[in-house]
There are 4 protein chains.
Amino acid sequence: MEETARMNDKRPIRQKRDPEATRRALLAAAIAEFADKGLAGSRVDEIAHRAGVNKQLVYHHFGNKDDLFRAALEQVYGEIRAREQSLNLADLPAVAAMERLVGFSFDHLAEHPELVALLNDENRHEARHVKSSPQIQAMHSPLVRMIDETLARGARDGVFRTDMDPINVYISIAGLAYFFFANNHTLSAIFDTNLDTAREVSRRRRHVIDFVLSALQPREVGLSPD
Amino acid sequence: MEETARMNDKRPIRQKRDPEATRRALLAAAIAEFADKGLAGSRVDEIAHRAGVNKQLVYHHFGNKDDLFRAALEQVYGEIRAREQSLNLADLPAVAAMERLVGFSFDHLAEHPELVALLNDENRHEARHVKSSPQIQAMHSPLVRMIDETLARGARDGVFRTDMDPINVYISIAGLAYFFFANNHTLSAIFDTNLDTAREVSRRRRHVIDFVLSALQPREVGLSPD
Amino acid sequence: MEETARMNDKRPIRQKRDPEATRRALLAAAIAEFADKGLAGSRVDEIAHRAGVNKQLVYHHFGNKDDLFRAALEQVYGEIRAREQSLNLADLPAVAAMERLVGFSFDHLAEHPELVALLNDENRHEARHVKSSPQIQAMHSPLVRMIDETLARGARDGVFRTDMDPINVYISIAGLAYFFFANNHTLSAIFDTNLDTAREVSRRRRHVIDFVLSALQPREVGLSPD
Amino acid sequence: MEETARMNDKRPIRQKRDPEATRRALLAAAIAEFADKGLAGSRVDEIAHRAGVNKQLVYHHFGNKDDLFRAALEQVYGEIRAREQSLNLADLPAVAAMERLVGFSFDHLAEHPELVALLNDENRHEARHVKSSPQIQAMHSPLVRMIDETLARGARDGVFRTDMDPINVYISIAGLAYFFFANNHTLSAIFDTNLDTAREVSRRRRHVIDFVLSALQPREVGLSPD
DNA sequence: AATGAATGAGTTTTCATTCAT
DNA sequence: TATGAATGAAAACTCATTCAT
């Protein structure tokens, strides 16, 4: 009996039949390809090739290229939101909590350039896939709540300003890291330097944390912001 | 009276054979199309159509799609850098100068979504076109100098911290606006709101200016960033 | 009775999904088209049309136009070299063997104008495809050996000169026929005759055989070839 | 008065107006391009570029691409036929005359690869351009006459066979050289050698002269060709 | 579930030729 | 005579998707 496939099943000799693994491989390949080339620039052929499977399986498992892109978004959004939840900011004093959140946001983008790339593309498509994904819609309210609670706690403790709305704070936290990573290549080119080194990344990290915490500090004399 | 062809006015009535106008029309159409669809998603056909000219003129005037993309980048980069130069920051006190710069950066992105879109794409291509454009390379040193001088002046006057490097400050200024506009659609979607209204944009503008100026303020008690 | 699909005969009645047949049809069509128009003048569209299949199958099965041209060369080279091997020259006296070889070379070119046409084109491209085809490279040493043995045998038997190198002899044998076929149209035009008739072809055939055998004869008085 | 153009003419300042020189430059460029790429593979743009003039001048001076190809053929045919006429074979003994003719034919092809290349292409087009060129048609009868006279003289002197028709002899003379040059690249490739060296060319030259003179020798014992 | 063949509709780019100056 | 702009038609090649096995 040649090549028994894992157990005594009826399946034909040629194994390699693990649909769940195929799905995972395709999804990972899709995230990589979409991050590299964008939705328009990605090739279904290439995704299948990266996953080591037949192209038709993309259609079998995901429907079509757009559905695959949505699945990729769900995956990368799911990861960051899940990790944010396990930061347990409530266990820390407000300033430390904020520092942890900013640090995490920065680090996650540093480690996940595909998130940046996919979001860029998704915005070009006016968030079409996000809007049609109930799964993604559902995962964001905890984030706002988390920030809001931290800001409120800091305000109560007298270490944060009281006039900051959580969504704008989140956008600032994310933006300070995001732009650095999203535009790293053009910034390196126009400033004639290399911002993609460990040294520059960690320098930026310190800058961002410092910047956010400074901005949130209560001020003696208010600036007149117009 | 139908268009008499040889009147003595400045520009001939029949636009035929005005290569410079053809070039301009193509460039404008290209910027719009690349902003909408990205480099990979844009169609040379569509660009020519938007410009109202024959498709082959793209090749005649620009070489190919990539060269056209480079020309588009040169155009949009050229505009923002030129306008920055005319801000005359040196004529203002440091805080007001910084406020003007941050406000301008925000407004320019608000008014020029194509800049955001083109830069996103250019980064996906690892700044390939920027790197091969001496024109773009040349236009950036004044920007850094401008920020550096403003920071130095503010530090001298005791209104700014002394430990900020100009490139990181620029990246923060740009990033706080950029992320808001670049990711406006996904942010609106996930936070279940509409950030693309005049109200939200101006709210964000105030937040950004406030955020930057607060962050740059000298602090009595230094936070330990790290 | 209309084409019943599942009769138990050797080949299925509906030719659908017979990749091997598709490949063969494309190759035959390609040889014909390349012979007619050359590599540059041939149209992939036309090749597909001649083969009765979809154009994209050229790319599916062969890669691109150049690869298809290489495959065509492999095919026509393979045929002539295979037929040469089955001439069994070793079974004949040297003069008869040489006569058979010359006759075959002439006849093969007469029957296979596509070989002439393809080789002309391949030389314009500096044998690029031949050089990149290990298959073609491999099929030629038997030919040289065959001629060499025949010449040696003839020399031993006193019927051939002893100073002829096999490659030059092969080039002469081939050239005497090749030029006639390759340039038949221009020769007919400039000499104001029609060399494409059965009569002129067979006259040329006799001339070529006579010419080669005469030239190979041992001579009493050596000519001083410079 | 700046830059007078050769004499006191009325032509505008910008000289470079030498239509005859332009024509010559275009013709030379066309011969080179057609030899390199063939009729189908050649580009009018490239021919103009090689000639250093505007593309439109091709149409101005020659009509169109096909007419230009005909002009190129007339040029290269004219050259070889003219040089043949100045060989003055009648002044030499038959064998020496034939040797001179064979040598010249070989040398001319060696020095004029463009002739080989153009003829290949012209034959692919079934001598279309030659047939429509009265000029080319006219230049060939002297050639046949010349060979015929030489053969007749040799036969009279007892140094040549008497049964050779001049057209077949010409085709053999030309073919022995032509095939070597026309197929030099493929022959080098398949025989795994380099036939494009001075050494191999001169070896071939000797072989060809020897081959022709041997074949033309009267034979004691006739071979039975067929 | 999995594969390779097949396809229709593009997509960039090319090119001979003509137009306007 | 000479030039660069402009064009229509095509050409090689691509690609998401479906079909047959």
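Conventions we followed
- Residues numbered from 1 in each chain as written.
- Chains lettered and ligands numbered in written order.
- Predicted model: local features only at pLDDT ≥ 70, side-chain atom pairs only at ≥ 80, totals over all residues.
- Heavy atoms only, no water.
- Helix = DSSP H or I, 4+ residues; strand = E, 2+ residues; numbered from the N terminus.
- Buried < 20%, exposed > 50% of the residue type's maximum accessible area, 1.4 Å probe, protein only.
- Contact = heavy atoms within 4.5 Å.
- Areas by Shrake-Rupley, 256 points an atom, 1.4 Å probe, with all protein chains shown as cover.
- Buried area = accessible area lost by both parts, 1.4 Å probe.
- Salt bridge = Lys/Arg side-chain N within 4 Å of Asp/Glu carboxyl O.
- Polar contact = N/O pair within 3.5 Å; in protein donor to acceptor, adjacent residues only side chain to side chain.
- Axes fitted to C-alpha atoms, helices over the stretch in contact; angles between N-to-C directions.
- Left-handed = near helix turned anticlockwise from the far one by under 90°.
- Nonpolar A, V, L, I, M, F, W, Y, C, P; charged D, E, K, R; others polar.
- Least-squares fit on C-alpha atoms with pLDDT ≥ 70 in both.
- Phe/Tyr/Trp six-rings, centres within 6.5 Å; stacked < 30°, edge-to-face > 60°.
- Expected span 1.5 Å × (residues − 1).
- Bend = angle between axes of the 7 residues up to and from the residue.

### Side note on the overall build of chain A
The number of helices and strands found in chain A is 12 helices and 0 strands. By residue count, 51% of the 226 residues in chain A fall in the buried class. At a minimum sequence separation of 6, the contacts of chain A that also span at least 24 residues come to 66%. By element, 50% of the accessible surface of chain A is carried by carbon and sulfur atoms, the whole surface being about 10900 Å².

### Overview of the interface of chain A and chain B
Every contact between the two is made by 70 residues of chain A and, on the other side, 70 residues of chain B. Both faces combined, the contact of chain A with chain B buries some 5900 Å², and carbon together with sulfur accounts for 62% of it. Counting across the chain A and chain B interface gives 6 salt bridges. Between A:Asp210 and B:Arg161 there is a salt bridge, with the nearest N and O atoms lying 2.5 Å from each other. Where chain A packs against chain B, one counts 21 residue pairs in polar contact (both at pLDDT 80 or more). Considering every element that reaches the side of chain A that touches chain B, the biggest residue donor is helix 10 (residues 166-182) of chain A, with 13 residues.

### Some points on the packing of helix 5 (residues 94-111) of chain B against helix 12 (residues 198-216) of chain B
Residue and element names in this part refer to chain B. Close contact between helix 5 and helix 12 brings their axes to 10 Å; oriented N to C, the two are set at 145 degrees. As for how helix 5 packs across helix 12, the hand of that crossing is right-handed. Contacts between helix 5 and helix 12 involve Val95, Met98, Glu99, Val102, Gly103, Phe106 and Asp107 from the first element and Val201, Arg204, Arg205, Val208, Ile209, Val212, Leu213 and Leu216 from the second. Taken together, the residues of the contact of helix 5 with helix 12 sort by class into 10 nonpolar, 1 polar and 4 charged.

### A short note on the relation of the copies chain D and chain C
Each of the two chain copies goes to the other by way of a rotation about an axis and a shift along it. Each copy of the sequence occupies a distinct position, and chain D is placed on chain C by a rotation of 180 degrees and an axial shift of 0.0 Å, giving an RMSD of 0.1 Å. One copy is carried onto the other by what is essentially a two-fold rotation axis. Considering only C-alpha atoms, the residue of chain D closest to the rotation axis is D:Ala215, which sits at 2.1 Å. A shared binding surface is used by both copies, with 97% of the interface residues of chain D retained as interface residues in chain C.

### Focus: the packing of aromatic side chains
Scanning all chains against the criterion turns up 26 aromatic pairs over all chains. Between D:Phe180 and D:Phe181 the ring centres are 5.1 Å apart and the planes differ by 75 degrees, which places this aromatic pair in the edge-to-face class. Of the two residues, D:Phe180 and D:Phe181, both sit in the buried class. In textbook terms, an aromatic cluster arises when at least three aromatic residues are bridged by ring pairs, as seen for A:Phe106, A:Phe180 and A:Phe181.

### Quick look at helix 1 (residues 19-41) of chain B
At 3.6 residues per turn, the α-helix brings residues three or four places apart onto the same side. Residues and elements named next belong to chain B. The first and last C-alpha atoms of helix 1 sit only 27 Å apart over 23 residues, clearly below the 33 Å expected at 1.5 Å per residue. Helix geometry: helix 1 is bent most strongly at Ala35, by close to 85 degrees. Listing the buried residues of helix 1 in full gives Thr22, Leu26, Leu27, Ala29, Ala30, Ile31, Glu33, Phe34, Ala35, Gly38, Leu39 and Gly41.

### Quick word on the interface of chain D and chain C
Contacts between the two partners involve 69 residues from chain D, matched on the other side by 68 residues from chain C. If you sort the residues of chain D by the area they bury against chain C, D:Arg124, D:Phe191 and D:Phe211 come out on top, with a joint share of 12%. Put simply, chain D and chain C have 6 salt bridges between them. Among the ionic pairs, D:Arg203 bridges to C:Asp165, the shortest N-O distance being 3.8 Å. The interface formed by chain D and chain C includes 21 residue pairs in polar contact (both at pLDDT 80 or more). When residues in the side of chain D that touches chain C are grouped by element, the largest group, 13 residues, is from helix 10 (residues 166-182) of chain D. Partitioning the side of chain D that touches chain C into residue classes produces 34 nonpolar, 17 polar and 18 charged.

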